Amino acid sequence: INHIVHNGGLYKRPFNEAFEETPMLVAVLTYVGYGVLTLFGYLRDFMRQWKIEKCQNATEREEQKDFVPLYQDFENFYNRNLYMRIRDSWNRPICSVPGAKVDMMERVSHDYNWTFTYTGRVIKGIINMGSYNYLGFAQKTGACQEAAAKVLSQYGAGVCSTRQEMGNLDKHEELEKLVARFLGVESAMAYGMGFATNSMNIPALVGKGCLILSDELNHASLVLGARLSGATIRIFKHNNMQSLEKLLKDAIVHGQPRTRRPWKKILILVEGIYSMEGSIVRLPEVIALKKKYKSYLYLDEAHSIGALGPSGRGVVEYFGLNPEDVDVMMGTFTKSFGAAGGYIGGKKELIDYLRTYSHSAAYATSMSPPVVEQIITSVKCIMGEDGTTIGRARVQQLAENTRYFRRRLKEMGFIIYGNEDSPVVPLMLYMPAKIGAFGREMLKRNIGVVVVGFPATPIIESRARFCLSAAHTKEMLDTALKEINEVGDLLQLKYSRRRLVPLLDRPFDETTYEETED
């Protein structure tokens, strides 16, 4: 379904998002594929039990047989009989900066992916289509590296204390003031880990008697934070405003279960860019609902900060909205800024409260000084405060790369999910055998890609996920596209029924669809 939304003036720009339906034949064959794998899995378990199969890695060791099983039976079954077949597609060790190109250590397995042996050979110059290096700040030369090296020599690598004790450096204070200015909010606080920024701060904001309304495709850190809080959690359909409004209405009309008392707080949890779908949150509509029903909004900008908006200020700037309309602005430094950690921005009262009550603030060790300096230098570069236009140029380059790459893939006939401006580009593979095959074939052609399957995605929606970067040149993208096209033909991945018609006179960011017969 292709959405082009203007919605009564809420959107100041077209909002184009495509989620083409899975072809029925492909869905049936995918279920059949998993069925066959499961059947052979039970057969192999039977053969292992009777010592018919030579490879005994999947059987329990004699000295462990008297112990209670550590994992659930099906979890183990899936790991040893389905995941293990394609395990070589993940955890590949790289030995260079995760920039536009990477070097990878070659490894082989002689026991069906249970263990790996390194050959000693390094595969050089692999085009990196998997890292979240949106603005190309993952680099070993340049202003960021020089500034971080200088701070390393002055402050050392670690802080060895929490912010509330002896670990509050002048660099931390400088970073937080800079982030608050960058976001356009009153105050901000930085944390050493992006995942913990969500999982440890949501419990500080809501608790028993509160209601959390969470998008069904929210990141695991948001899900964990919501569960740890003790608040009641209700799920709305992905990016579906009718579903969200119905939950808000029901929450206000019916109140808490049994007692019917009003909820203490209602908190809406959404992400800026959803990292598996490539979709962008319908923020103007979410804010309108939040104001209408007097609830709070928590926005996770892990993938959108730096990657969206004319000056890289995220999804709020992308839609031309006021940062004050978002109660809690969360994001990470791990992606667009090439560093580590996360932040929360908002009103001064909120940040002062979190400094006292957040587990991440009270118990976690402070951020490493060189990492802090990497963030400061990259943010200043994006804002143009380094006296150059490099940052602005990188934001624009990422936007151009995103539209070009997405358009070309659609022209080739692949099913691509998400928003046309999202640098996260999922290419649908569907069938379990094609997950491993696509990753291996791309690596043979010197392209590094991330493939994703169940349980990280629905069972029939396995995919390859490309992450674009401002560091990718047009030549690199064309090379990658040529190889993707070749592998797509080889593995018969061009499932789309709606082919984009390439027109030479078409404007760069517009698309024309032509229905084609099955």
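Residues numbered from 1 in each chain as written. Predicted model: local features only at pLDDT ≥ 70, side-chain atom pairs only at ≥ 80, totals over all residues. Heavy atoms only, no water.

**Concerning the overall build of the protein chain**
We count it as follows: In this description a helix means any DSSP run of H or I spanning at least four residues, a strand means any run of E spanning at least two, and both kinds are numbered starting from the N terminus. For a compact globule the rule gives 2.2 Å times the number of residues to the power 0.38, and the radius of gyration it is set against comes from C-alpha atoms. In what follows, a contact means two residues having at least one pair of non-hydrogen atoms within 4.5 Å. A 1.4 Å probe and the Shrake-Rupley method give the accessible areas. Residues count as covered only by the protein chains that appear here. Asp and Glu are treated as the negative residues and Lys and Arg as the positive ones, with His and the ends of the chain left uncounted. To locate a charge, the coordinates of NZ of Lys, CZ of Arg, CG of Asp or CD of Glu are taken.
Check the secondary structure of the protein chain and you find 16 helices and 18 strands. Against the globule reference of 24 Å for 518 residues, the protein chain gives a C-alpha radius of gyration of 24 Å, in line with a compact fold. Structurally, the protein chain occupies a C-alpha span of about 70 × 65 × 60 Å along its principal axes. Across the protein chain, the fraction of contacts at a sequence separation of at least 24, relative to all contacts at a separation of at least 6, is 69%. For the protein chain, the accessible area works out to roughly 24,600 Å², and carbon and sulfur atoms hold 56% of it. The positive charge centre, built from 64 side chains, and the negative charge centre, built from 58, are 3 Å apart in the protein chain.

**Concerning the UniProt feature "transmembrane region" (unreviewed entry) in the protein chain**
So the rule is basically this: UniProt positions are given in the numbering used here, feature names are shortened, and annotations may be inferred rather than shown by experiment.
What UniProt calls "transmembrane region" (unreviewed entry) maps, in this numbering, to residues 24–43. Secondary structure across residues 24–43 divides into 100% helix and 0% strand, with the first and last C-alpha atoms of the span separated by 29 Å.

**Observations regarding the pattern of salt bridges**
When their charged atoms lie close together, side chains carrying opposite charge are able to pair. What counts, and what does not: In the sections that follow, a salt bridge refers to a side-chain nitrogen of Lys or Arg positioned within 4 Å of a carboxyl oxygen of Asp or Glu. Burial classification: accessible surface area is computed with a 1.4 Å probe over protein chains only, and a residue below 20% of its type maximum counts as buried, one above 50% as exposed, and the rest as partly exposed.
Counted by the stated rule, this structure contains 32 salt bridges. Linking E373 and K171 is a salt bridge whose minimum nitrogen-to-oxygen distance equals 2.9 Å. Within this pair, whereas E373 is found in helix α13 (residues 369–383), its partner K171 is found in helix α4 (residues 170–183), the two being separated by 202 residues in sequence. Across the pair, exposure class does not vary: E373 and K171 are buried alike. Between K246 and D250 there is a salt bridge whose closest N-O contact spans 3.1 Å. Residue K246 and its partner D250 are both found in helix α8 (residues 241–254); the two are separated by 4 residues, about one turn of the helix. Look at K246 and you get exposed, because its relative accessible area is 52%.

**As for the environment of I376**
In this structure, I376 sits in helix α13. We classify I376 as buried; its relative accessible area is 1%. For the pair I376 and E174, spaced 202 residues apart in sequence, the C-alpha separation works out to 8.0 Å.

**Quick notes on helix α9 (residues 283–292)**
Side chains of residues three or four places apart in an α-helix project in the same direction, reflecting 3.6 residues per turn. With respect to burial, α9 is a largely interior element, 7 of its 10 residues being buried. Within α9, burial applies to L283, P284, E285, V286, I287, L289 and K290. Where α9 terminates, the next one or two residues include K294, which has phi positive at roughly 55°.

**Here's the deal with the nonpolar core**
Operational definition: We define a nonpolar core as any set of buried Ala, Val, Leu, Ile, Met, Phe, Trp, Tyr and Cys residues linked to one another through side-chain atoms lying within 4.5 Å. Each domain's extent was defined by an automatic or database domain assignment.
Core analysis: the largest hydrophobic core is formed by 107 residues, its most contacted members being M129, F333, F405, L409, F438 and F466. Each of domain 1 (19–128 + 390–504) and domain 2 (143–383) contributes no fewer than three residues to this core. Excluding residues that lie within four positions of it along the chain, F333 makes contacts with L175, V179, A190, G338, A339, A340, G341, G342, Y343, M367 and I375. Counting 21 residues, the second-largest nonpolar core is a separate cluster that includes Y191, V206, I212 and L269.

**Here's the deal with the sheet that holds strand β15 (residues 450–452)**
To keep it simple, the criterion reads: Strand pairing requires that DSSP identify at least two bridges connecting the strands. Note on definitions: angles span 0 to 180 degrees between N-to-C directions of axes, and those axes are lines fitted to C-alpha atoms, for helices only across the stretch in contact.
Read from one edge to the other, the open sheet built from 3 strands follows the order β13-β16-β15, with strand pairing classed as antiparallel. A single partner strand is all that each edge strand has here, and the edge strands are β13 (424–430) and β15. Strand after strand, the sheet turns through a mean of 25° between neighbouring axes, direction not considered. The strands that helix α15 (residues 432–444) touches are β13, β15 and β16 (462–467); relative to β13, the one it contacts most, it runs at about 125°.

**Observations regarding the UniProt feature "domain: Aminotransferase class I/classII large" (unreviewed entry) in the protein chain**
Taking the UniProt record as the reference, the feature "domain: Aminotransferase class I/classII large" (unreviewed entry) is found at residues 125–484. Measuring from the first to the last C-alpha atom of residues 125–484 gives 17 Å, for a span that is 42% helix and 17% strand.

**Here we look at the packing of α4 against α13**
Let me state the cut-off plainly: Throughout this description, any angle smaller than 35 degrees is read as roughly parallel, any larger than 145 degrees as roughly antiparallel, any in the 65 to 115 degree range as roughly perpendicular, and the remainder as oblique. By definition, any crossing whose near helix is turned counterclockwise from its far helix by less than a right angle is left-handed, and any crossing with a clockwise turn is right-handed. Three residue categories are used. Nonpolar comprises Ala, Val, Leu, Ile, Met, Phe, Trp, Tyr, Cys and Pro, charged comprises Asp, Glu, Lys and Arg, and polar comprises the others, including Gly.
Following both chains from N to C, one finds α4 and α13 inclined at 30°, their axes separated by 10 Å at the closest point. Judged on the interaxial angle alone, α13 and α4 are roughly parallel. As α4 packs across α13, the resulting crossing turns out to be left-handed. Within the contact between the two elements, α4 uses K171, H172, E174, L175, L178, R181 and F182 and α13 uses V372, E373, I375, I376, V379, K380, I382 and M383. Partitioned by chemical class, the residues of the contact of α4 with α13 number 9 nonpolar, 1 polar and 5 charged.

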